[in-house]
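One-letter residues, chain by chain:
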Amino acid sequence: MAPTTCFNCKEARAVIIRPKNRHKLCRACFIEVFETEVHETITGTNLFFPGERIAIGASGGKDSTVLAAVLKTLNERYNYGLDLCLLSIDEGIRGYRDDSLETVKRNAKQYDMPLTIVGYGELYGWTMDQVVEQIGKKGNCTYCGVFRRQALDRGAARLDIQHVVTGHNADDVAETVMMNLLRGDLPRLSRGTSIVTASGGSDIKRSKPLKYAYEKEIVLYAHHRQLDYFTTECIYSPEAFRGSARTLVKDLEKIRPSSILDIVKSGEDMAALVPRDTSQDGKSCKTTAAAEEENTGGCGSQNGRTSGGEMAAMEKQLTENETAEAHETEIQLPQKGAKNTKNTVKSSKAVKSQTLGHCLNRNRPKTAIEVGIEDEEGSSTLMRQMERTQLTNS
Amino acid sequence: MPAKELSRPCMDCKEAETVFTVRKRQLCRPGKTQEVRPKILLPLSLGVSSSVLLSMVEAQIQHQLAKPYGKVFFDLHVLVIDPSSINPSNASIDDKYKVLLETFQSPAYTRLSIHDIFDYVPDMKEIIHEYAGSQFADDSSLSNKDRLSAFRASISTATSAADLDYVLLTRLVAAVAQKHGCKSVFWGDSDSRLAARALAGVSKGRGASMTWQVSDGMSPWGVRFEFPLRDLYKTELLQYASVCPELSDIVIPDAPLSDNVLTKNLSIDELMIRYVQNQGAKYPGIMSNVARTANKLESSCLEGGTSCALCGGPRGNVKGNTGVTATTQSGDSEGSQFCYGCMRSRPDLKC
C-alpha cells in the first residue's frame with residue numbers, strides 16, 4: 001500500500017493521525033499545527049501582554065513540559081516579549097516527585113529558564129507522604145490540591161510574578177465539566193471552564209494555555225519533539241467523581257473524538273447560563289474556589305481506581321435531604337445550613353483548609369504545627385488556620 | 001355585595017345567564033371555552049413513560065369532570081409519531097393505536113410519520129439540503145418518505161444519526177404544537193432519561209440547548225416544553241404502569257440493553273442511557289441531581305441571539321462566553337446558519 005501523504009502539505013509522508021479530527025499529517029505539519037492552535041488560543045483570549053513575567057507551573061510531566069516547550073517556541077517565533085521561568089512544587093511523594101523534579105531541573109537547562117522549587121514540607125510542615133500516613137489513601141488528593149494551589153501562589157509571590165500558567169489540557173477541562181454536572185455543583189460549573197482564573201487573596205492570575213489541546217496530542221507532540229519528561233503517574237488515586245467523569249470522557253472520545261472539545265464548548269456556554277446569584281454563591285471572593293478547583297484531583301494522574309467513597313457519601317447526603325424534605329424538617333434548619341447540605345463539597349477555602357488542618361493535626365503532637373511556620377505576607381495562610389483550629393479544639 | 005341571582009348561570013364565568021349550550025356545556029357565549037382553556041400537546045411514543053403520563057393527565061381530566069359543574073382547565077392533544085417510520089424494524093402500532101383511542105377518549109389525536117416534517121415545516125427540505133452539503137445528493141422528485149430516508153442514510157455515525165433523529169422529532173412535535181395552537185408540550189421523559197439527555201447533550205456540544213431540552217422552559221418555537229415526570233425514576237414509572245391494566249395493551253416494552261456492544265459502536269445517547277442506568281442502580285440520587293442541576297440554568301441569557309436553522313439552538317457562543325472553541329474549529333461553524341452541535345453531526349464528518 002502506498003504511504004499516505006500529509007493532509008496539510010500534501011508532500012511529506014503522513015506519520016500521525018490526529019486524535020482530534022483524524023487528519024493524517026507529517027511530523028513537521030503536526031508540530032506546526034499544534035503550536036499554531038496554542039498560539040490562536042493565546043491571541044484569541046488576549047492571555048499575555050508584552051513584557052509580562054510568567055511562571056510555568058512545572059511538574060516534569062508531559063503537560064507542563066510541553067507547555068514550557070511550546071511557550072518558549074511561540075515566545076521566540078511571535079515575539080510575545082514574555083519573561084518565562086519554571087516554578088515547581090515538591091509535594092513530598094517519594095519515588096514520584098523526587099524523580100520528576102530531576103526532570104524539571106534538566107528542563108530548566110534545556111530551555112534556559114530559571115527554576116524555583118517550593119516544598120509542602122517547608123510551607124506546611126507536612127509532606128504528602130506524611131499526610132497519607134496520617135489519613136490513609138482515601139481523599140488525599142483533596143489535600144494535595146488545596147496545598148498545591150497555595151504553594152504555587154506563594155512560589156509566585158516569592159518571585160514577584162503575577163501570572164502562573166499551568167498545563168491543564170482539554171481532557172482535564174472536559175472532566176471537570178462532567179464532574180461538576182455529576183456533583184450538581186453550579187458555582188463551579190460557572191467557573192471551571194474559563195481560561196483565566198484570578199487567585200483569591202492575592203493578585204496572582206492563573207491560566208491554562210493548553211485548555212483546548214488534547215491530552216493525546218500533547219503526548220504526540222512531546223514524543224515527536226523528543227521532549228524530556230517524566231511518565232510515572234502519581235501513586236495516589238483521584239477522587240471518585242473525577243474518576244467516574246474520566247472514564248466517561250475516555251469512552252466518549254472512543255465514540256466521537258471531537259467530544260472532548262464539544263464538552264469544553266458546552267461547559268463554556270453553560271457557564272454563561274448559570275444564574276448570577278448562584279455563580280457567586282456564598283463566596284466573598286468568587287475566584288478563590290476557581291483556582292482551588294483546577295487543582296483538586298486534577299493533577300493529571302491517570303489512576304482511575306477509586307473507592308467511590310465520595311460518590312457514596314454524596315448519594316447518602318442526597319437521600320437524607322430527600323427524607324428531610326419529606327418530613328418537612330428543613331424549615332427548622334438555618335437558611336444557610338440548609339443550602340449547604342445540597343453541596344457536599346464546601347468550596348470555601350477557609351472551611352476547607354480548617355477542616356483539613358483539623359483532620360491532620362488531631363493526632364499529632366502539638367509541637368509539630370510549629371514546624372515550618374514562616375513569616376508570610378498573607379494573614380489567612382493555611383498554616384495559621386491549622387494553628388487556630390488546633391488551639392480552638394484543644 | 002350579594003351574589004346576582006341567576007336561574008341558569010354560565011358554567012365558565014358563573015356571572016351571566018346561559019345563552020348557548022356547547023357540547024353539553026352551558027355558556028353565556030359560544031367560543032368562550034376555547035379562548036380561555038390552554039391546549040397541551042402530549043407526544044406519545046407508546047413507551048412506558050409517556051403512556052404513564054397520558055394516563056395521569058387523563059385521570060386529572062376525569063377528576064375535574066367529575067366535580068359538580070365539572071370544568072376542565074385544559075384541552076389535551078395527543079401526538080403519536082409512528083415508531084416504524086423512524087426505524088423500519090419497529091413493529092406496526094395499528095392495534096395499539098386502536099386500543100389507545102378506545103381507552104382514552106377525551107383527548108384529540110394526531111398520528112404522523114417522521115417524514116411528515118416536510119409538510120409541517122415547509123422550509124425543512126431546503127434546510128436539510130443546505131445542511132447535508134455535497135455528501136448528500138438530494139432528489140426533489142422523491143416522496144417525502146424516500147427523501148428523508150436518503151438523508152438519514154447519508155449520516156455515517158450512530159451518534160450523528162441518533163442526534164439528528166432527536167432534532168427532527170423535536171421539530172415535528174413543536175410544529176404540530178404550533179399548528180394546533182398548543183401553549184405547551186408535555187414530554188414524558190423520566191428523571192433518568194433527562195439525566196442521560198443532559199450528559200449526552202453536553203457531550204455533543206449542545207450545552208446551551210439544555211435550557212429547553214432538559215429544563216422546563218420556552219422552546220425556540222414559542223411553545224413551552226414541560227417535563228412533568230422529571231422527578232420520577234424509570235423504575236417508579238414501570239411500577240406505576242404495572243398497576244394500570246389499561247396500559248398493558250398500549251405500552252411497547254423497552255428492548256433490553258445488550259451487553260455485547262463495543263463502546264465505540266454505541267451512539268453517545270446510548271452510552272449515556274447505559275451510564276445513567278448502571279450508575280443509577282448504585283447512586284440514584286446523584287443521577288437525578290444531574291437533571292435538577294441542568295434545570296437551574298437560565299434561558300434568559302439566550303435571548304437576542306441568532307438560532308440554528310435546523311435544531312433551533314443558539315448559534316456561536318452564548319452571550320458572556322468568551323471561549324474560542326468555535327473558532328478553533330477552522331471556522332466551520334462561523335458564518336453558517338447552523339449551530340456548533342449540528343455542525344458536529346453533519347454527514348461529511350466521519351468523527
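Per chain, the residues get numbers from 1 upward, laid out in the order the sequence is written. Each chain takes a letter, starting from A, and each ligand takes a number, starting from 1, following the order in which they are written. Where totals are concerned, whole chains, interfaces and linings use all residues; where local detail is concerned, this predicted model gives features only for residues with pLDDT of at least 70, and gives and counts side-chain atom pairs only at 80 or more.

Chemist: Sorry, what's going on with the overall build of chain B here?
Modeler: The secondary structure content of chain B amounts to 15 helices and 8 strands. It is over C-alpha atoms that the radius of gyration is taken, and the globule rule equals 2.2 Å times the number of residues to the power 0.38. Against the globule reference of 20 Å for 351 residues, chain B gives a C-alpha radius of gyration of 22 Å, in line with a compact fold. In terms of overall dimensions, chain B has C-alpha extents of about 75 × 45 × 45 Å along its principal axes. Taken across its 351 residues, chain B has 41% of its residues classed as buried. Two residues form a contact once the distance between their C-beta atoms, set from the backbone, is within 7 Å. Contacts in chain B between residues far apart in sequence, at least 24 positions, make up 68% of those at least 6 positions apart. Secondary structure elements follow DSSP: runs of H or I of four or more residues count as helices, runs of E of two or more count as strands, with numbering from the N terminus. Here a residue counts as buried when 20 or more other C-beta atoms fall within 10 Å of its C-beta, as exposed when 12 or fewer do, and as partly exposed in between; the C-beta atoms come from the backbone.

Chemist: How should I be thinking about the overall build of chain A in this particular structure?
Modeler: Along the backbone of chain A there are 17 helices and 8 strands. Across the 394 residues in chain A, those meeting the buried criterion constitute 52%. Long-range pairs, those at least 24 residues apart, make up 78% of the contacts in chain A between residues at least 6 apart in sequence.

Chemist: Help me understand the pairing of strand β5 (residues 115-119) of chain A in this model?
Modeler: Working note: regular strand, side chains alternate between the two faces of the sheet. All names here are of chain A. Here, any two strands with at least 2 DSSP bridges between them count as paired. Sheet topology note: the strand β4 (residues 83-90)/β5 ladder contains 5 bridges and is parallel. Within β5, the residue paired with Ser88 across the bridge is Ile117. Viewed along the sheet, the connection from β4 through helix α3 (residues 97-110) into β5 turns out right-handed. Look down the strands so they point away from you; if the path from the first strand over the helix to the second goes clockwise, the crossover is right-handed.

Chemist: Looking at this model, I keep getting lost on helix α11 (residues 234-242) of chain B. Mind explaining?
Modeler: Residues three or four positions apart in an α-helix share a direction because the helix packs 3.6 residues into each turn. Residue and element names in this part refer to chain B. Buried within α11 are the following residues: Lys234, Leu237 and Ala241. On an axial view of α11, the arc spanned by its buried residues comes to 60°, and they lie on one face. Exposed residues lying more than 90 degrees from the buried face of α11 are Gln239 and Ser242. Against the buried residues of α11 lie α2 (48-66) and α9 (191-203). It is the directions from the helix axis to the C-beta atoms whose arc is reported.

Chemist: Explain the interface of chain B and chain A to me, please; I cannot follow it from the model alone.
Modeler: Where the parts come together, the accessible area they lose is often given as the size of the interface. If you look at the interface, chain B gives 45 residues, while chain A gives 44 residues. Listing elements by their share of the side of chain B that touches chain A, those giving two or more residues are α9, α10 (210-213), α12 (268-282), α13 (284-294), α14 (325-328) and α15 (340-344) of chain B. Here the side of chain B that touches chain A gets 6 residues from one element, more than from any other, and that element is α13(B). Taken together, the residues of the side of chain B that touches chain A sort by class into 19 nonpolar, 17 polar and 9 charged. Amino acid classes used here: Ala, Val, Leu, Ile, Met, Phe, Trp, Tyr, Cys and Pro are nonpolar; Asp, Glu, Lys and Arg are charged; the rest, including Gly, are polar.

Chemist: Explain the sheet that holds β5(A) to me, please; I cannot follow it from the model alone.
Modeler: All names here are of chain A. Taken in spatial order, the 6 strands of this open sheet run β5-β4-β3-β6-β8-β7, and their pairing is mixed. The sheet is open, and its two edges are formed by β5 and β7 (196-198), each paired on a single side. Averaged over all pairs of adjacent strands, the angle between strand axes in this sheet comes to 30°, irrespective of strand direction. Strand direction decides the pairing type here: strand β3 (residues 53-57) and β4, joined by 5 bridges, are parallel. For Arg53, the partnering residue across the bridge sits in β4 and is Asp83. Note on definitions: angles span 0 to 180 degrees between N-to-C directions of axes, and those axes are lines fitted to C-alpha atoms, for helices only across the stretch in contact. With respect to the sheet, helix α2 (residues 62-77) is in contact with β3, β4 and β6 (163-165), its orientation differing from that of β3 by roughly 155°.

Chemist: Teacher, can you tell me more about the sheet that holds strand β7 (residues 217-218) of chain B here?
Modeler: Across a sheet, paired strands are connected by hydrogen bonds in the backbone, their directions being either parallel or antiparallel. Residue and element names in this part refer to chain B. Pairing is mixed across the open sheet formed by 6 strands, whose spatial order is β5-β4-β3-β6-β8-β7. Whereas interior strands pair on both sides, the edge strands pair on one side only; in this sheet they are β5 (108-112) and β7. Pairing analysis gives 2 bridges linking strand β3 (residues 39-44) to strand β6 (residues 184-186), with the strands arranged parallel. Bridging across to β6, Ile40 finds its partner in Ser184. Against the sheet, α2 engages β3, β4 (75-81) and β6, with an angle of about 150° to β3. Contacts from helix α8 (residues 158-179) reach β3, β4, β5 and β6 within the one sheet, and its direction differs from that of β4 by about 145°.

Chemist: Even after reading the chapter, I still don't get the packing of α9(B) against α12(B), so can you show me in this structure?
Modeler: Geometrically, a packed helix pair is captured by the angle between its two axes and the distance between the axes. Residue and element names in this part refer to chain B. Close contact between α9 and α12 brings their axes to 8 Å; oriented N to C, the two are set at 135°. If you check the angle between α9 and α12, you find them oblique. Relative to α12, the crossing made by α9 is right-handed. Contacts from Ser192, Ala195, Ala196, Leu199, Ala200 and Ser203 in α9 reach Ile268, Asp269, Met272, Ile273, Tyr275, Val276, Gln277 and Gly280 in α12. Of the residues in the contact of α9 with α12, the class split is 9 nonpolar, 4 polar and 1 charged. What sets the label is the angle itself: under 35 degrees gives roughly parallel, over 145 gives roughly antiparallel, 65 to 115 gives roughly perpendicular, and the rest give oblique. Crossing handedness: left-handed means the near helix sits turned counterclockwise from the far one by under a right angle, and right-handed means the same turn made clockwise.

Chemist: Sorry if this is basic, but what is going on with unusual backbone geometry here?
Modeler: One can expect most non-glycine residues to show negative phi and most peptide bonds to be in trans. Residue and element names in this part refer to chain A. Notably, Asn79 is not glycine yet its phi reads approximately 50°, a positive angle. Within the secondary structure layout, Asn79 lies in the loop between α2 and β4. The exposed category is assigned to Asn79, around which 9 C-beta atoms lie within 10 Å. Although it is not a glycine, Gln226 adopts a positive phi angle of roughly 50°. With respect to the secondary-structure elements, Gln226 resides in the loop between α9 (215-224) and α10 (240-255).

Chemist: What should I look at first to understand the environment of A:Asp112 in this one?
Modeler: All names here are of chain A. Take Asp112: it is sitting in the loop between α3 and β5. Residue classification places Asp112 among the exposed positions, given that 8 C-beta atoms sit within 10 Å. Considered as a pair, Asp112 and Leu84 are 28 residues apart in the sequence and their alpha carbons are 9.5 Å apart.

Chemist: Help me understand the confidence of the model for chain A, please; the structure alone is not making it clear to me.
Modeler: Detailed reading of predicted coordinates is not advised where the pLDDT is low. Residue and element names in this part refer to chain A. Per-residue confidence for chain A gives a mean pLDDT of 76; residues scoring 70 or more make up 70%. Confidence scores labelled pLDDT are given residue by residue by the predictor and lie between 0 and 100. Between the elements of chain A, mean pLDDT differs from a low of 39, seen in helix α17 (residues 382-393), to a high of 96, seen in α2. Across residues 281-298, where pLDDT falls below 50, the model places 50 contacts with residues more than four positions away in sequence or in other chains.

Chemist: So what exactly am I meant to see when it comes to α2(A) here?
Modeler: All names here are of chain A. What a helix should span is 1.5 Å times the count of its residues minus one. Here α2 contains 16 residues, and its C-alpha end-to-end distance of 22 Å stays within 8% of the 22 Å for a straight helix at 1.5 Å per residue. Taken together, the buried positions of α2 are occupied by Lys62, Asp63, Ser64, Thr65, Val66, Leu67, Ala68, Ala69, Val70, Leu71 and Leu74. At its buried positions, α2 is contacted by α1 (27-44), β3, β4, α3, β6 and α9. Looking one or two residues past α2, Asn79 carries a phi angle of roughly 50°, positive in sign.

Chemist: Mind showing me how you'd approach the environment of B:Tyr69 here?
Modeler: Residue and element names in this part refer to chain B. With respect to the secondary-structure elements, Tyr69 resides in the loop between α2 and β4. The class of Tyr69 is exposed, set by 10 C-beta atoms lying within 10 Å. Along the primary structure Tyr69 and Ile155 are separated by 86 residues, whereas in three dimensions their C-alpha atoms are 55 Å apart.

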